[in-house]
Amino acid sequence: MARVLNFSAGPAVMPEVVLRQAQEEMLDWRGTGACVAELSHRGAPFMALASEVEADVRNLLAVPESHAVLFLAGGATTLQALLPLNIAKQGQRADYLVTGHWAKVAMKQAAPAADVHVVASGEAGQFRSIPPRSEWQRSPDAAYFHVTANETIHGVELPDDIDAGTSAPLIADFSSNIASRPSDLSRYAMVYAGAQKNLGPSGITLAIIRKDLLERRGQPRADILTWASHAAQGSMLNTPPTWNWYLLGLCVRWMIEQGGTAEFARRNGEKSALVYAAIDDSEGFYRNDVVTSARSRMNIPFVLHDAALDAAFLAESQAAGLIGLKGHKAIGGMRASLYNAMPVDGVRVLVDFMHDFRKRHG
Ligand SMILES: Cc1ncc(COP(=O)(O)O)c(C=O)c1O
């Protein structure tokens, strides 16, 4: 069976060579005579893998020595709930820049353990732009300042690493654009990402945390909810998601071999430009209302001029081998997610389909 082109927002497309390698190694990984998923995380083969993957993550993302790298279970959402417990005092202010659905989720998860404060929100404008910096109202005493680097549903992306100033540690949700371009991680006290978009499989979450943050007392919580304890144990405080860790490692190695984040920035720029051109040059047949400066390179939501065509668009695209194009229910329409593992040629097929569909239904 031919593989489809998968434009899903996550879990998402993974590099075919990675899947083939996993298939080849499934029954006998590195001469162990066992699948990596069958082996103890404390045994030498897996311990070696864990340190290789950390080294590769540090290499790919240029992680500064000042930061620890953690591989956690629970997804980005759990991490958002643990954030105030780990680094804020009970009821302390925590600042949030609200740029879309996922920023709101992050704030909601933190709300039971912090005095969450909206620095600025794009909601009145239906999240079609990023609130200008001149309108941000930061709290002088905030435990941290949280931003969402890319809004997977609304298709809004911070154009670059932001300069948060020095007043509070900057925390960024990189779930849907990690490794999509070079990033200066020294500007962030912490970045985190569920792996199921640019880093491979669901079930594992990467957290990159400045070590001094791990020393914060935070709030009463169990050891298993404490990032400092995970860091002290090499992310093996309890049984980690070993299979996911392994697959993440293969994806990270693949990204390094492909040329790293600079090369993916180039490809992602090219891919997103192709899709935005197909939308903008369609004389209103397709529409994306995000202001140009805030348009995401990773997730491109768009609507058809007549919603009655949605079902035909989805059925015909699926029949053409293009899957995962249905938009999130929060905003409807369509969405094309163009993560690192989606090749430029795959996007050309999508764009050709969009032109062809318009010709037939326009
Ligand atoms: C930007 C962003 N943050 C957080 C999440 C939630 O991640 P998880 O499902 O891993 O908890 C998602 C999921 O799509 C996301 O896109």
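Just so we're clear, the structure is a prediction, and the values are computed from it rather than from any experiment.

Here's the deal with the overall build of the protein chain
For step 1, the next point in the chain: In terms of regular secondary structure, the protein chain is built from 10 helices and 14 strands.
For step 2, the next point in the chain: Expected size for 362 residues packed as a compact globule is a radius of gyration near 21 Å; at 21 Å, the protein chain falls within 12% of this value.
For step 3, the next point in the chain: For the protein chain, the C-alpha atoms occupy an extent of roughly 60 × 55 × 30 Å along the three principal directions.
For step 4, the next point in the chain: In the protein chain, buried positions account for 54% of the 362 residues.
For step 5, the next point in the chain: Looking at the protein chain alone, contacts between residues at least 24 apart form 68% of all its contacts between residues at least 6 apart.
For step 6, the next point in the chain: With an accessible surface of roughly 15,300 Å², the protein chain has 52% of that area assigned to carbon and sulfur atoms.
For step 7, the next point in the chain: In the protein chain, the 34 positive side-chain charges and the 37 negative ones have mean positions that sit 3 Å from each other.

Here we look at the packing of aromatic side chains
For step 1, the next point in the chain: Taken as a whole and judged by the stated rule, the model has 16 aromatic pairs.
For step 2, the next point in the chain: Considering the side-chain rings of Phe302 and Phe313, the 5.9 Å spacing of their centres and the 80 degrees angle between planes classify their relative orientation as edge-to-face. Here Phe313 lies in helix H9 (residues 310–319) and Phe302 lies in strand S12 (residues 299–304), a separation of 11 residues in the sequence. The two residues Phe302 and Phe313 agree in class, both being buried.
For step 3, the next point in the chain: Measuring from centroid to centroid gives 5.9 Å for Phe353 and Phe357, while their planes differ by 35 degrees, and the two rings are tilted. Of the two residues, Phe353 and Phe357 are both situated in helix H10 (residues 344–361); the distance of four residues between them amounts to about one turn of the helix.
For step 4, the next point in the chain: Taking the relative accessible area as the measure of exposure, Phe353 reaches 8% and is therefore buried.

Looking at the UniProt feature "modified residue: N6-(pyridoxal phosphate)lysine" (unreviewed entry) in the protein chain
For step 1, the next point in the chain: Per the UniProt record, the feature "modified residue: N6-(pyridoxal phosphate)lysine" (unreviewed entry) sits at Lys197.
For step 2, the next point in the chain: Mapped onto the secondary structure, Lys197 falls in the loop between strand S9 (190–194) and strand S10 (205–210).
For step 3, the next point in the chain: Look at Lys197 and you get buried, because its relative accessible area is 13%.
For step 4, the next point in the chain: Not counting residues within four places of it along the chain, the set of residues in contact with Lys197 comprises Ala9, Gly10, Ala12, Val13, Thr152, Ser175, Ser176 and Tyr339.

A look at the sheet that holds S10
Within a sheet, each strand pairs with its neighbour through backbone hydrogen bonds, oriented either parallel or antiparallel.
For step 1, the next point in the chain: Within the open sheet, the seven strands sit side by side as S2-S10-S9-S8-S5-S3-S4. Their pairing is mixed. At either margin of the open sheet sits one strand with a lone partner, and together these are strand S2 (67–72) and strand S4 (115–121). Neighbour to neighbour, the strand axes of the sheet diverge by 20 degrees on average, direction disregarded.
For step 2, the next point in the chain: The sheet contacts of helix H2 (residues 44–61) involve S2 and S10, and relative to S2 the element is tilted by about 120 degrees.

Structural notes on H2
For step 1, the next point in the chain: Between its terminal C-alpha atoms H2 stretches 26 Å, which fits the 26 Å expected from 18 residues at 1.5 Å a residue.
For step 2, the next point in the chain: Taken as a whole, H2 has its buried residues at Phe46, Leu49, Ala50, Val53, Asp56, Val57, Arg58, Leu60 and Leu61.
For step 3, the next point in the chain: Residues of H2 that are buried sit in contact with S2, S10, helix H7 (242–257) and helix H8 (260–280).
For step 4, the next point in the chain: Of the residues one or two after H2, Ala62 is the one with positive phi, at around 50 degrees.

What about the nonpolar core?
For step 1, the next point in the chain: Of all hydrophobic cores here, the largest spans 55 residues; its most connected members are Val57, Leu61, Phe71, Phe145, Phe174, Leu206 and Leu248.
For step 2, the next point in the chain: Take this core: its biggest share by element is nine residues, from H7.
For step 3, the next point in the chain: Among the domains, domain 1 (16–257) and domain 2 (260–361) are the pair contributing at least three residues each to this core.
For step 4, the next point in the chain: In this view, Phe174 contacts Ala149, Asp161, Ser183, Leu185, Tyr188, Val191, Tyr192 and Ala193; residues no more than four positions away in its chain are not counted.
For step 5, the next point in the chain: Counting residues in each nonpolar core, the second largest holds 31 residues, with Ala76, Ala110, Ile171 and Trp227 among its members.

Here we look at unusual backbone geometry
For step 1, the next point in the chain: Each neighbour pair has its own omega, and for Gly10 with Pro11 the value is -5 degrees, a cis peptide bond.
For step 2, the next point in the chain: When you line up the elements, Pro11 lands in the loop between strand S1 (5–6) and helix H1 (16–25).
For step 3, the next point in the chain: The residue Arg30 is not glycine, and still its phi comes out positive at about 50 degrees.
For step 4, the next point in the chain: With respect to the secondary-structure elements, Arg30 resides in the loop between H1 and H2.
For step 5, the next point in the chain: Accessibility expressed as a relative area gives 46% for Arg30, which makes it partly exposed.
For step 6, the next point in the chain: Located in the positive-phi region is Phe127, a residue other than glycine, with phi close to 55 degrees.
For step 7, the next point in the chain: Along the chain, Phe127 turns up in the loop between S4 and strand S5 (145–148).
For step 8, the next point in the chain: A relative accessible area of 5% means that Phe127 is categorised as buried.

About the cut-offs
Residues numbered from 1 in each chain as written. Predicted model: local features only at pLDDT ≥ 70, side-chain atom pairs only at ≥ 80, totals over all residues. Heavy atoms only, no water. Helix = DSSP H or I, 4+ residues; strand = E, 2+ residues; numbered from the N terminus. Rg over C-alpha atoms; globule rule 2.2 N^0.38 Å. Buried < 20%, exposed > 50% of the residue type's maximum accessible area, 1.4 Å probe, protein only. Contact = heavy atoms within 4.5 Å. Areas by Shrake-Rupley, 256 points an atom, 1.4 Å probe, with all protein chains shown as cover. Lys, Arg positive; Asp, Glu negative; His and termini not counted. Charge placed at Lys NZ, Arg CZ, Asp CG, Glu CD. Phe/Tyr/Trp six-rings, centres within 6.5 Å; stacked < 30°, edge-to-face > 60°. UniProt positions renumbered as here; feature names shortened; annotations may be inferred. Pairing = 2+ DSSP bridges. Axes fitted to C-alpha atoms, helices over the stretch in contact; angles between N-to-C directions. Expected span 1.5 Å × (residues − 1). Core = buried A, V, L, I, M, F, W, Y, C linked by side-chain atoms within 4.5 Å. Domains from an automatic or database assignment.

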